[in-house]
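An overview of the molecular structure
Listed here are the chains, written in short residue letters.
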Amino acid sequence: MVERAPTLDFICHAILVLGAALICLPLYFAIVAGSLTIADVQKVPLPWLPGDQYWANLEAAWAKGNFTRLFLNSAIVAVGITVGKVAISILSAFAITYFRFRFRMTAFWLIFTSLMLPVEVRIVPTFEAVSNAALPLQWLIDALDVGAWLSPLTGKRYEIAIEWNMINTYGGLILPLIASATATFLFRQFFLTIPEELCEAARLDGASPLRFLRSIVLPLSVSNIVALSIILFLYGWNQYLWPLLFTTDKDMATVVIGLKHLVPRADMEPAWNIAMNAALLAMLPPVIVVIALQRWFVKGLVDSSK
Amino acid sequence: MAKAAPARESGLKRAHFREPRTAYLLLLPQLLILALFFFIPAIRALAQAFLLADPFGARSQFVWFDNFTALLSSPEYQSSIWVTVVFTIAQSAITLFVAVVLAFATDRVVRGRGTYRGILLLPYAIAPVIAGILWAFLFNPAVGPLAHLLHALGIPWDPNRNGDHAMILVIAAASWKHICYDYIFLLAGILAVPQSLIEAAAVDGAGPILRFVRIVIPLLGPTFFFLMVMNFVYGLFDTFAIVDAVTRGGPAGATNILVYKVYQDGFINLDLGSSAAQSVMLMAFALVLTVLQFRYIERSVNYDV
């Protein structure tokens, strides 16, 4: 600090307290509502202090939301997206920084242009792609008319139809989300800062590219990987549109989707106490991650956007 | 990053391997997934946008720009564009303004800085749909504590009937969720301002606020630019879940932003041609934003590193 300005410091504290209060307000009322009985939660005005039903509501929310299964699903999906994204991004970043080959820049641009195709932009065709991931193969078969080639052999006309339906599978929830231009770009930028001597030395020692990746590049990238993984875990856990479209089976839904079903609508019993309790549950894992790993989380966020 | 030597390919290490086959194998997973779930669907959206399928889906006809002209002349789409513009600009401006004030204050205080920062970062961890649910409850006209407060003040608050109220609520929820993002980047940016500049200005008699306005904010120019783009991306695409949780696009389309409309027309109303045309329009917006984002990356590479 350059000079003392007690009045300004006081104002700054006041602003921050106000800001923090604004952030906490919805969370506080979620705790209040989540600890009331269903009769109390409908009182007008809502009580300003929490009730004593928190644990009872928690049990009810857990059972009603099928959360044992849904937490497992969310964990699998979030970890799957994180691991998958990190893995394929490192591999492709390694390929475009450490190899000279013909379509290097083409590959780079292909990956980079995917930035302008967020999921939300191509909802319907992507749904078609997931409901039958073998569709491109089918076109190939139709275009080459493979069925007609086979007919002289047996004298019959064949229709070849292949299908690979990924609706209601972990694959459908994870695979379409693991391509990542930003993660690839982050690792590319980082690899460019690795000293050239390391690769030269590794090559002199006769290391293969994969050996160099495993023994030198990966250990150097650990802090980047950790920071990015935190962001990706939050991203995976908090997915909404994707699981909404691709899970019709209640047992394949994620926690966030399960929560949405607990929120009372106009024609339902207004069980806001259960819904708010469930909302607190659903946000718990990512909130713990952000609080416990704050410094890593900030690094990951700032790095991955540059 | 040093400027690449002219003979060197950009973004290639000087010491590199020449085993194209390995490189292709390494790239395969990423490119396969991109092809299956990004490029082919995008091309299909593009193709469908120019086709008109008959109601049985058996045959489709090439109709040039008919889907687009129908779309752009439909009053619902026009109102959706207007709603999106209002929502995105209001949300971006509020988010950025609040984040600047909070970042300035955080940089100023010494005691409790970590605690303030920890609390202000919390919404980043919270899913947009959950943020939406929290705000929908607070302002629920029947049970919400803040809605009750408004009623007590004589304001007939009802986001289920009044479109303006619904819009205010969605903007509030979306901003609440996104302030932390801008705040993190501004805080990092403020910390990177050379202390010598601040001290020199202080010696010349500039007070803390003047220094912030005249020195820190101009130096943060690229950060502001970047955040503005990211706020637009967020407002245009990532707020689907908030709208779905708070208003479902209603009442009477008052909060039916473009992304929500694509979902509704494509999935609920099954109007594929129109939905595809809307997808293509959104891709165009995304393209513009990506180009802007790329300019920022180029700039930060040239000046910062």
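Sequence order sets the numbering: in each chain, residues are counted from 1 along the sequence as written. Chain labels run from A onward and ligand labels from 1 onward, assigned in the order the entries are written. Where totals are concerned, whole chains, interfaces and linings use all residues; where local detail is concerned, this predicted model gives features only for residues with pLDDT of at least 70, and gives and counts side-chain atom pairs only at 80 or more. In computing side-chain values, all of the structure's heavy atoms are included and hydrogens and water are not.

1. Structural notes on the overall build of chain A
- Of regular secondary structure, chain A possesses 17 helices and zero strands.
- The atom set for the radius of gyration is the C-alpha atoms, and the globule formula is 2.2 Å times the number of residues raised to the power 0.38. Computed over C-alpha atoms, the radius of gyration of chain A comes to 26 Å, more than 25% over the 19 Å expected from 2.2 N^0.38 for 306 residues, which places it beyond the range of a compact globule.
- The classification of residues rests on relative accessible area computed with a 1.4 Å probe and restricted to protein chains. Under 20% of the type maximum is buried, over 50% is exposed, and intermediate values are partly exposed. Burial status across chain A gives 53% buried among its 306 residues.
- The contact definition used throughout considers only heavy atoms, calling two residues in contact when any of these lie within 4.5 Å. For chain A, the proportion of contacts with a sequence separation of at least 24, taken over those separated by at least 6, is 73%.
- Each accessible area value is a Shrake-Rupley result obtained with a 1.4 Å probe; residue values ignore everything except the protein chains displayed when judging cover. Roughly 13900 Å² of accessible area belongs to chain A as shown, and the carbon and sulfur atoms make up 67% of that amount.
- Only four residue types enter the charge count, namely Lys and Arg as positive and Asp and Glu as negative; His and the chain termini do not. The atoms used to mark charge sites are NZ of Lys, CZ of Arg, CG of Asp and CD of Glu. Separation between the mean location of the 21 positive side-chain charges and that of the 20 negative ones in chain A comes to 6 Å. By definition, any uninterrupted DSSP run of H or I lasting at least four residues is a helix, any uninterrupted run of E lasting at least two residues is a strand, and each is numbered from the N terminus.

2. Looking at the interface of chain B and chain A
- With 108 residues of chain B at the interface, the matching set in chain A holds 120 residues.
- Buried area is calculated as the accessible area (1.4 Å probe) missing from two parts once they are joined, with the contributions of both summed. For the chain B face of the interface with chain A, the top three residues by lost area are B:Lys13, B:Phe17 and B:Phe37, together amounting to 8%.
- Any Lys or Arg side-chain nitrogen located within 4 Å of an Asp or Glu carboxyl oxygen qualifies as a salt bridge. At the surface where chain B touches chain A, the tally comes to three salt bridges.
- A salt bridge links B:Arg14 to A:Glu200, with the shortest nitrogen-to-oxygen separation between them at 3.0 Å.
- By the criterion applied in these results, polar contacts are pairs of N or O atoms within 3.5 Å in which, for protein atoms, one can donate a hydrogen and the other can accept it, and in which residues neighboring in sequence qualify only through two side-chain atoms. Counting every contact that joins chain B to chain A gives 22 residue pairs in polar contact (both at pLDDT 80 or more).
- For the side of chain B that touches chain A, the leading source of residues is helix H1 (residues 20–48) of chain B, giving 21 residues.
- Here the side of chain B that touches chain A is built from residues that sort into 77 nonpolar, 15 polar and 16 charged. In this classification, the charged set is Asp, Glu, Lys and Arg, the nonpolar set is Ala, Val, Leu, Ile, Met, Phe, Trp, Tyr, Cys and Pro, and all remaining amino acids, among them Gly, are polar.

3. A look at the packing of helix H4 (residues 67–98) of chain A against H1(B)
- With their axes 8 Å apart at the nearest point, H4(A) and H1(B) run at an angle of 130° to one another. By the criterion of interaxial angle, the relationship of H4(A) to H1(B) is oblique. Handedness of the crossing formed by H4(A) with H1(B): left-handed. Here A:Ile88, A:Ser89, A:Leu91, A:Ser92, A:Phe94, A:Ala95 and A:Ile96 of H4(A) come into contact with H1(B), specifically with B:Ala23, B:Leu26, B:Leu27, B:Pro29, B:Gln30 and B:Ile33.
- In terms of residue class, the contact of H4(A) with H1(B) is built from 10 nonpolar, three polar and no charged. Helix axes are fitted only over the stretch in contact, all axes being lines through C-alpha atoms; the angle between N-to-C directions runs from 0 to 180 degrees. Angles are sorted into four bins: roughly parallel if under 35 degrees, roughly antiparallel if over 145, roughly perpendicular if 65 to 115, and oblique for all others. Note: crossing handedness is left-handed where the near helix turns anticlockwise from the far helix by less than a right angle, and right-handed where it turns clockwise.

4. Some details on the packing of helix H17 (residues 294–304) of chain A against helix H4 (residues 113–121) of chain B
- Remark: H17(A) packs on H4(B), axes separated minimally by 12 Å, with the N-to-C direction vectors making an angle of 60°. The orientation of H17(A) with respect to H4(B), classified from their angle, is oblique. Once H17(A) is placed against H4(B), the crossing between them reads as left-handed. Here A:Gln294, A:Phe297 and A:Val298 of H17(A) come into contact with H4(B), specifically with B:Arg117, B:Gly118 and B:Leu121.
- Classifying every residue of the contact of H17(A) with H4(B) gives three nonpolar, two polar and one charged.

5. Re the nonpolar core
- Counting residues in each nonpolar core, the largest one holds 199 residues, and the members touching the most others are A:Phe94, A:Tyr98, A:Phe191, A:Phe297 and B:Ile130.
- With 16 residues, helix H7 (residues 163–191) of chain B is the single largest residue contributor to this core.
- With residues near it in sequence (within four places) discarded, B:Ile130 still touches A:Leu259, A:Ala279, A:Ala282 and A:Met283. Among buried residues, those of type Ala, Val, Leu, Ile, Met, Phe, Trp, Tyr and Cys that are joined through side-chain atoms within 4.5 Å constitute a nonpolar core.

6. Regarding the state of the cysteines
- Two cysteine sulfurs form what is called a disulfide whenever their separation falls within 2.5 Å. Using the criterion set out here, one finds zero disulfides over all chains in the structure.
- Free of any disulfide, B:Cys180 has its nearest cysteine sulfur in A:Cys24, 13 Å distant.
- For B:Cys180, a relative accessible area of 2% puts it in the buried group.

7. A look at unusual backbone geometry
- Positive phi, normally seen in glycine, also occurs at A:Asn66, with a value near 60°.
- In this fold, A:Asn66 is placed in the loop between helix H3 (54–64) and H4.
- At B:Ala252, a position not held by glycine, the phi torsion is positive, near 55°.
- By the secondary structure assignment, B:Ala252 is in the loop between helix H11 (240–246) and helix H12 (258–268).

8. Remarks on the environment of A:Thr193
- The residue A:Thr193 is located in the loop between helix H10 (181–192) and helix H11 (196–204) in this model.
- A distance of 2.6 Å separates a polar atom in the side chain of A:Thr193 from the backbone oxygen of A:Phe190.

9. Comments concerning a nonpolar patch on the surface
- Here, patches come from residues exposed beyond 30% relative accessible area and free of salt bridges, joined within 9 Å for like charges and within 5 Å for nonpolar side chains (Val, Leu, Ile, Met, Phe, Trp, Tyr). Taken together, the side chains of A:Tyr28, A:Trp48, A:Leu49 and B:Leu149 make up a nonpolar region of the molecular surface, amounting to roughly 440 Å² of accessible area.
- Mapped onto the elements of the fold, A:Trp48 is located in the loop between helix H2 (38–41) and H3.

10. Section: the confidence of the model for chain B
All names here are of chain B.
- Of all residues in chain B, 91% have pLDDT values of 70 or greater, and the mean over the chain is 84.
- A residue's pLDDT is the predictor's confidence in that residue, given on a scale from 0 to 100. The weakest mean pLDDT in chain B belongs to strand S1 (residues 51–53) at 68; the strongest belongs to helix H5 (residues 128–138) at 93.
- Between residues 1–7, whose pLDDT stays under 50, and residues either more than four places distant or in other chains, the model counts three contacts.
- Confidence drops under a pLDDT of 50 for residues 301–305, and excluding neighbours within four residues, the segment shows six contacts in the predicted structure.

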